[in-house]
Amino acid sequence: MKRKKTSSSKVRLFKPSFYIKLIGVSAGVLVLYYLAIRQTNASLARMLSAFPIFFRMLIEDFFPPDFGYFPTVVNQLIETFNIALISTTLAAVLAFPLLFFSSSTLNRHPLSYGGMRVVLTIVRSIPNIIMVVLMVAVVGLGSVSGILALMIYSAAILIKLTSESVESIDERPIQAIKAMGGNTPQVIRYGVLPQITPIYLSHILYVLEINLKASVVLGFVGAGGIGQLIRRQMSLFRYDRLGLIIFVLFLAISVIDYISQTVRSRLA
Amino acid sequence: MKNKDRISLRSQRTLKQKTMIYLVVMSLTFLYAFSLWSQDFSIASSQSSPGTILYRLFVVPLIDPTYWPSFVERGWQMIETIAIAYAGGIAASLFALPVAILAARNSGGRASYLGKLFLNAIRSIPELLFGVFFVAAVGPGSFAGVLAISVNSIGMIGKLYSESIESIDQAPIAAIKASGGNDLQAFWYGILPQILPQFLSISLFRFEIDVRASTILGLVGAGGIGVPLILSQQQRHWEEVGVILIIVIVFVVIIDKISGKIRSNLV
């Protein structure tokens, strides 16, 4: 038997308003994209047509890298790593007490909780270069400004990430300790810490990865690290040396990312 | 109270665990000792006090009318920065699509390992290095910035896209196929409603990051507000630096707010 097809038997899977919304959003995205392209002169066609230039550039200018420059790069790389390590450590110490103020399970005071949240959101949304410029202006040239800027920024990230974990911890051990007459420090020591320590360590390692990448920027504004080498060699057009810097940096970051991710996957 | 009455809340450690802890503690001590020993903590601060500099950064531009016109000029440069982030973000969302399909386990099959490796490699390169490379290749300007943002963003967008492809629920697709739908209908009614909101939300989230990244890219000459920022900073022209800092902070906070609102409506 052949089924008769009528328009009334047609099932509508999407409401008409869905299509209007879809078209509206797409049109908005495209208009903004057109404006952005006009401003930056970077159409997709121009981007794709530039690809042969990159390959020629890679092969002719960046290759072969100047390996004689290796000791200088490693020296600066150690400084970059030091800045990342010290700022992450300080951030971990600074963030730890603040963590308990910014999680709603432990801090039921609405004013201090809300205030913490607002400050954290603003700090995290400021680009880290702004913080670095500010620190260099106020504190002075040198790695200390870089360390301070990264510390503030990464403390905010650490608190944000971990306070979410604190809010989702298992409440039963806390209630059990309270029921047995435990005070707040005991609740934190035996009820909260065992649950969040692995998460916190894992977040610290993640922030270390971020900081290592972010600390490349510091040298450009005089806050130490490998950025100052990049800036100098860029202005000298020594692309063979830049090639070496990029290569060494990529290698170092990959190794540290790998170590950190291995440890993190065992922690969590 | 006698010592015996105390309850130990932690379990006994085995010898292997103890050795492990000692090893970790020792290597961390060594790491920190080396880093504190090798790091130079000297500061070259300027003659003027931090208070004066803060005053010149954040108060003078607001109360001195001679700096008011430069708010408009820097505002336009900030809009250029946002345009770089947007153009780069859209291009990255397009470029990331095939890579994500390759990298997802359910669509890429055995090649997904390759796609994941590629995405990981991109994510481990800081955006500034892409900036250095593209400024060297096509010259300074916002075109280099768009290129750097687009290539750099593929790493994260591709990873998140592939994760959302992997989490596609197969049941609606099977239902559409069972009731006689063809592949196109299965895609349009079964897959698209599941992934489109997530994809939009991912791209928007990355756009927030890209606005920050393209501010930084100006340092290597890749256009936008970073260029005047580093020039004024080198000249110690703190009032001008202050104007830029205020503009960037205000714009970034507003964009994050709007984008966050849209994202919470999407998902």
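Residues numbered from 1 in each chain as written. Chains lettered and ligands numbered in written order. Predicted model: local features only at pLDDT ≥ 70, side-chain atom pairs only at ≥ 80, totals over all residues. Heavy atoms only, no water.

**Looking at the overall build of chain A**
And step 1. When its secondary structure is counted, chain A shows eleven helices and zero strands.
And step 2. Counting helices and strands in the order they occur from the N terminus, chain A gives α-α-α-α-α-α-α-α-α-α-α.
And step 3. Here the C-alpha radius of gyration of chain A, 26 Å, is well above what a compact globule of 268 residues would show, namely 18 Å.
And step 4. In terms of principal-axis extent, the alpha carbons of chain A reach across some 75 × 65 × 40 Å.
And step 5. Put simply, 76% of the contacts in chain A that link residues at least 6 apart link residues at least 24 apart. (Helix = DSSP H or I, 4+ residues; strand = E, 2+ residues; numbered from the N terminus. Rg over C-alpha atoms; globule rule 2.2 N^0.38 Å. Contact = heavy atoms within 4.5 Å.)

**Structural notes on the overall build of chain B**
And step 1. In terms of regular secondary structure, chain B is built from twelve helices and zero strands.
And step 2. The order of α-helices and β-strands along chain B, N terminus first, is α-α-α-α-α-α-α-α-α-α-α-α.
And step 3. For a compact globule of 267 residues, the expected C-alpha radius of gyration is about 18 Å, and chain B comes in at 26 Å, more than 25% above that figure.
And step 4. Its C-alpha atoms put chain B at 75 × 70 × 45 Å along the principal axes.
And step 5. A burial count over chain B gives 46% of its 267 residues as buried.
And step 6. Counting only carbon and sulfur atoms, one obtains 66% of the accessible surface of chain B, whose full area is about 14,100 Å².
And step 7. Here chain B contributes 21 positive and 15 negative side-chain charges, whose respective centroids are spaced 17 Å apart. (Buried < 20%, exposed > 50% of the residue type's maximum accessible area, 1.4 Å probe, protein only. Areas by Shrake-Rupley, 256 points an atom, 1.4 Å probe, with all protein chains shown as cover. Lys, Arg positive; Asp, Glu negative; His and termini not counted. Charge placed at Lys NZ, Arg CZ, Asp CG, Glu CD.)

**With respect to the UniProt feature "domain: ABC transmembrane type-1" (unreviewed entry) in chain B**
And step 1. Here, the residues flagged by UniProt with the feature "domain: ABC transmembrane type-1" (unreviewed entry) are residues 78-259 of chain B.
And step 2. Secondary structure content for residues 78-259 of chain B is 84% helix and 0% strand, and the end C-alpha separation is 17 Å. (UniProt positions renumbered as here; feature names shortened; annotations may be inferred.)

**As for the packing of aromatic side chains**
And step 1. On inspection of all chains with the given rule, the structure shows ten aromatic pairs over all chains.
And step 2. When the ring centre of Phe143 of chain B is taken as reference, the NZ or CZ atom of Arg46 of chain A above it lies at 3.7 Å. (Phe/Tyr/Trp six-rings, centres within 6.5 Å; stacked < 30°, edge-to-face > 60°. Lys NZ or Arg CZ within 6 Å of the ring centre and 35° of its normal.)

**A few points about the nonpolar core**
And step 1. Counting 150 residues, the largest nonpolar core has Ile129 of chain A together with Phe134 of chain B as its most contacted members.
And step 2. Looking at this core element by element, the count peaks at 15 residues for helix α4 (residues 68-103) of chain B. (Core = buried A, V, L, I, M, F, W, Y, C linked by side-chain atoms within 4.5 Å.)

**Focus on the pattern of salt bridges**
Residue and element names in this part refer to chain B.
And step 1. A full pass over the atoms with the stated rule returns 17 salt bridges over all chains.
And step 2. The residue Arg74 makes a salt bridge to Glu73 at a minimum N-O spacing of 3.5 Å.
And step 3. Residue Arg74 is classed as buried on the basis of its relative accessible area of 10%.
And step 4. What makes Glu73 partly exposed here is its relative accessible area of 45%. (Salt bridge = Lys/Arg side-chain N within 4 Å of Asp/Glu carboxyl O.)

**Quick look at the UniProt feature "transmembrane region" (unreviewed entry) in chain A**
All names here are of chain A.
And step 1. In this numbering, the UniProt entry assigns the feature "transmembrane region" (unreviewed entry) to residues 18-37, 83-106, 118-141 and 242-260.
And step 2. For residues 18-37, helix accounts for 100% and strand for 0%, while the C-alpha atoms at its two ends are 28 Å apart.
And step 3. In this annotation, residues 118-141 is assigned 79% helix and 0% strand; the end-to-end C-alpha distance for the span is 30 Å.

**Description of the environment of Ala91 of chain A**
Residues and elements named next belong to chain A.
And step 1. By secondary structure assignment, the location of Ala91 is in helix α4 (residues 70-101).
And step 2. Given the relative accessible area of 0%, Ala91 is considered buried.
And step 3. A C-alpha to C-alpha distance of 16 Å links Ala91 and Val119, two positions 28 residues apart in sequence.
And step 4. The residues contacting Ala91, other than those within four sequence positions of it, are Met151, Ser154, Ala155, Leu158 and Tyr200.

**Section: helix α11 (residues 226-234) of chain B**
An α-helical segment advances 3.6 residues per turn. Residues three or four places apart therefore align on the same side.
And step 1. Along α11 of chain B, the residues that are buried comprise Gly226, Pro228, Leu229, Ile230, Ser232 and Gln233 of chain B.
And step 2. Looking at the buried positions of α11 of chain B, the neighbouring elements they touch are α6 (128-138) of chain A together with α4, α10 (183-217) and α12 (238-266) of chain B.
And step 3. Downstream of α11 of chain B by a residue or two, Arg236 of chain B has a phi angle that is positive, lying close to 55°.

**Side note on the interface of chain B and chain A**
And step 1. If you look at the interface, chain B gives 69 residues, while chain A gives 67 residues.
And step 2. Together chain B and chain A conceal approximately 6,000 Å² of surface at their shared face, both sides included; 79% is due to carbon and sulfur atoms.
And step 3. Linking chain B with chain A are twelve residue pairs in polar contact (both at pLDDT 80 or more), by the criterion used here.
And step 4. In terms of residue class, the side of chain B that touches chain A is built from 52 nonpolar, eleven polar and six charged. (Buried area = accessible area lost by both parts, 1.4 Å probe. Polar contact = N/O pair within 3.5 Å; in protein donor to acceptor, adjacent residues only side chain to side chain. Nonpolar A, V, L, I, M, F, W, Y, C, P; charged D, E, K, R; others polar.)

**Quick notes on the UniProt feature "transmembrane region" (unreviewed entry) in chain B**
All names here are of chain B.
And step 1. Residues annotated by UniProt as "transmembrane region" (unreviewed entry) correspond here to residues 20-38, 83-104, 125-151, 214-231 and 237-255.
And step 2. Secondary structure over residues 20-38 splits into 100% helix and 0% strand, and the C-alpha atoms at its two ends are 27 Å apart.
And step 3. Here residues 83-104 is 95% helix and 0% strand, with 30 Å between the C-alpha atoms at its ends.

**Notes on the packing of α4 of chain B against helix α6 (residues 112-123) of chain B**
Residues and elements named next belong to chain B.
And step 1. Relative orientation of the contacting elements α4 and α6 amounts to 130°, with a least axis distance of 7 Å. Taken together, the axes of α4 and α6 are oblique relative to one another. Taking contact as the criterion, the partners of Val99, Leu102 and Ala103 in α4 are, on α6, Ser112, Gly115, Lys116, Phe118 and Leu119.
And step 2. Considered class by class, the residues forming the contact of α4 with α6 number five nonpolar, two polar and one charged. (Axes fitted to C-alpha atoms, helices over the stretch in contact; angles between N-to-C directions. Parallel < 35°, antiparallel > 145°, perpendicular 65-115°, else oblique.)

**Let's talk about the side chain of Glu208 of chain B**
Residue and element names in this part refer to chain B.
And step 1. One can find Glu208 in helix α10.
And step 2. There is a polar contact of 2.9 Å between the side chain of Glu208 and the side chain of Arg263.
And step 3. Not counting chain neighbours up to four residues away, the residues in contact with Glu208 comprise Asp256, Ser259, Gly260 and Arg263.

**Looking at the side chain of Asn152 of chain B**
And step 1. With respect to the secondary-structure elements, Asn152 of chain B resides in helix α8 (residues 142-166).
And step 2. Look past the residues within four positions of Asn152 of chain B in its chain and what remains in contact with it is Ile122, Ile125, Glu127, Phe130 and Arg206 of chain B.

**What about the confidence of the model for chain A?**
Residue and element names in this part refer to chain A.
And step 1. Scored by pLDDT, chain A comes out at a mean of 85, with 93% of its residues at no less than 70.
And step 2. Element-level mean pLDDT values for chain A span from 82 in helix α5 (residues 110-125) up to 90 in α4.
And step 3. Low confidence marks residues 4-8, where pLDDT is under 50. Its contacts with residues over four positions away, or in another chain, come to zero contacts. (pLDDT = per-residue confidence, 0-100.)

**So, the packing of α10 of chain B against α12 of chain B**
Residue and element names in this part refer to chain B.
And step 1. α12 packs onto α10 with a crossing angle of 170° between their chain directions and a minimal axis gap of 9 Å. One way to sum up the angle between α10 and α12 is to call them roughly antiparallel. Of the residues in α12, those touching α10 at Pro197, Leu200, Ser201, Leu204, Phe205, Phe207, Glu208, Val211, Arg212 and Thr215 are Val248, Val252, Ile255, Asp256, Ser259, Gly260, Ile262, Arg263 and Leu266.
And step 2. When grouped by side-chain class, the residues that make up the contact of α10 with α12 number eleven nonpolar, four polar and four charged.

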